[in-house]
Structure formats: structure tokens, C-alpha cells
Amino acid sequence: MIRVSNLTKYYGKFAAVQGISFAVERGNIYGFVGPNGAGKTTTLRMLATLLAPTSGEITIGGVQAFVNPLHTRKLIGYMPDFFGVYNDLKVDEYLEFYGEASGRTLGDLRRDIPSLLELVGLSDKRQSYVNNLSRGMKQRLCLARALVHRPEVLLLDEPASGLDPRARVELRNILKELQNMGKTIIISSHILAELSQLCTHVGIINNGLLALSAPVSEVLARVEGDSLLSIAVADRLEEAKLWLLEQQGVRDVALVNTGGLEAVFSGDRLAQAGLLREMAARFTLFEFTPSRGNLEQIFMEITEVEKDAKAQN
């Protein structure tokens, strides 16, 4: 659905984006990860045809984006990191305004807007003034605005910025539903843990360079080392700890404040399953959660390597 090849953007002599290439297939969610100033927003603005690249090529839906930008914009719903809202409009008026600006008829919009508001959880706010919405509601309204012309692709720049934990969960659920509807989504974020739960693929960008682009499962598999097993035991906690310490592959066990155990384990998934099976035969377990690495760890490793290489040069 999206192909980016050797994309570069210079501001004078400064290279904001340096020859990045990646692809996003239809129906996937691609997470764009990077610190402030890494080049995420510049890349998304080029994908949205709002900023012309210095060099390189962007293809969306089989068509080169800048050959026919008006056609490309019909395929794209873009939600910037800083968005404007018209506070004196009602929610449905706001969506009608942007829908008509995109070329849709008012009659079609009035048929679609109720289901669009239901999707983003704002059905009961249809007649509310935008000024009276919370930040999370305004964020969801702007997502609805990006969807009002029925795009196939969504470009979302830090959509969870400033949201409380509940609002972030609600937004994540909406994005999952959009993926189920067949939308192709590129989302930039600093909330790396949520990207690992939401995205099918991830790209790590730093200093304008795409350091890594791959399926999330493949990226997480790059993290070597031990697993951390979180184990909740109903009773005989101390006995369970001592038993774990005697098992092959268990390097350390600690009691945690939640009343459970955390074990450092060097075995693979098959060994984990065997450990769980044996432990469940001896103790009453109600939770067993393995984890191996995370996007934060990978991001720190990659950017640290680049920083060291830069210092040596």
C-alpha cells in the first residue's frame, strides 16, 4: 500500500531525513519510533504531500504521491501532532465542514457521521460544542475528521500525546477496530510499550536515519538474554520461591510488592512451558507472565550505538 524509497529532506545544509526506505502493506499498522527531532514529523508530512522531499520517492496505492497529490490526498487521512479545532462549531457541524471541504456531499456526510461518531465514542456529543470537549474527546474528534472522507490510509503523528492512560487505551482500541476495517495506519509515538501491543511493524528513526524497520515480532526477537517471569502464587509463597531457585535455568527469584514472584529465567518458551507445568502441579498459580525485552530496550541499544559511533568520528 505504501512504498518509501531513499526519501531525503534537507533544510539548507541540514538533513532532517536521510535516504530512508520502508514499506507498509495494506491493513498493517506501522509504528514510527524516535526521539524529538529524529525526523518522524518531517517524514509524515512528506507522506501526506504537505512537504516536498528533496529526493526520493513515495508511492501510495500504486501511484507516485507527488505525480498527482490531489489524488493521493483522497487516499490519506492525516492527523498532525498539533491540530486546530473550531471551538464555536458543534461536533457534527465540524465534521460536515471538513467533509464538504474534502469534496463529499452534505447528504452523504449526514448519513455517515453518526456511525463515524459511534466508532470514535462521541455519539452522545454530536450536538456539543467543540469547546466543551475534553482533550481526549478533541483528539478522537480529530481522528474522526481524518476519517470523514473515507481514506484508505491514516497518518497519525503522536495521536496519544497528552492523553491520560484511559484515553490512550480507548484510542488504541479504536485503532485496532480501524485495522479490522482494512485501514493501513502509520503512527508515530514516544509511548513505545503501547506500540509493541498495537503495531504489526515498527521503524526506529534517529538523526534522520531509519536504523531499523521490521515486524514487531522480529524486532523483539533481536533482544537476547533472560526472560523475566512474573508469577502470582495463591499461598506458600516462600516455599514456591525456594522451589523455583532449585530449577534448571532459574538464575534468581525475588518477592515483589504485589505479593508474587519474579524469576530471571534463561530457558526458551518450551522450557518455560515445562516450568509452568511442574510448578502448577505443586502450587496454586493464578498468573504467569513471561516477557523478553521491549521496544524501549531496543531503541536505547540502537540509539546508543549510533551515539558512540558519532562520538568516535
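Look a little higher up for the structure.
Residues numbered from 1 in each chain as written. Predicted model: local features only at pLDDT ≥ 70, side-chain atom pairs only at ≥ 80, totals over all residues. Heavy atoms only, no water.

A. View of the side chain of Arg145. The topology assignment puts Arg145 in helix α5 (residues 135–147). For Arg145, which is buried and forms no salt bridge, the nearest opposite charge comes from Asp81, at a distance of 9.9 Å. (Helix = DSSP H or I, 4+ residues; strand = E, 2+ residues; numbered from the N terminus. Buried < 20%, exposed > 50% of the residue type's maximum accessible area, 1.4 Å probe, protein only. Lys, Arg positive; Asp, Glu negative; His and termini not counted. Salt bridge = Lys/Arg side-chain N within 4 Å of Asp/Glu carboxyl O.)

B. Structural detail: the layout of surface pockets. Space inside the largest pocket adds up to approximately 530 Å³. Every residue lining the largest pocket is counted, 17 residues in all, and those nearest its centre are Arg73, Ile76, Tyr78, Ser102 and His149. Of all the elements in the fold, those that place two or more residues in the lining of the largest pocket are α2 (69–75), β6 (76–79), α3 (91–101) and α5. In the lining of the largest pocket, the residues fall into ten nonpolar, three polar and four charged. (1 Å grid on protein atoms, 1.4 Å probe; cavity = no way out; pocket = protein on both sides within 12 Å on 5 of 7 lines; lining within 4 Å. Points joined across faces, edges and corners; volume = space filled by probe spheres on them. Nonpolar A, V, L, I, M, F, W, Y, C, P; charged D, E, K, R; others polar.)

C. Up close: unusual backbone geometry. With phi around 60°, Arg150 is a residue other than glycine that occupies positive phi space. Along the chain, the position of Arg150 falls in the loop between α5 and β7 (153–157). In this structure, Glu158 takes a positive phi of about 50° despite not being glycine. The residue Glu158 is located in the loop between β7 and α6 (165–180) in this model.

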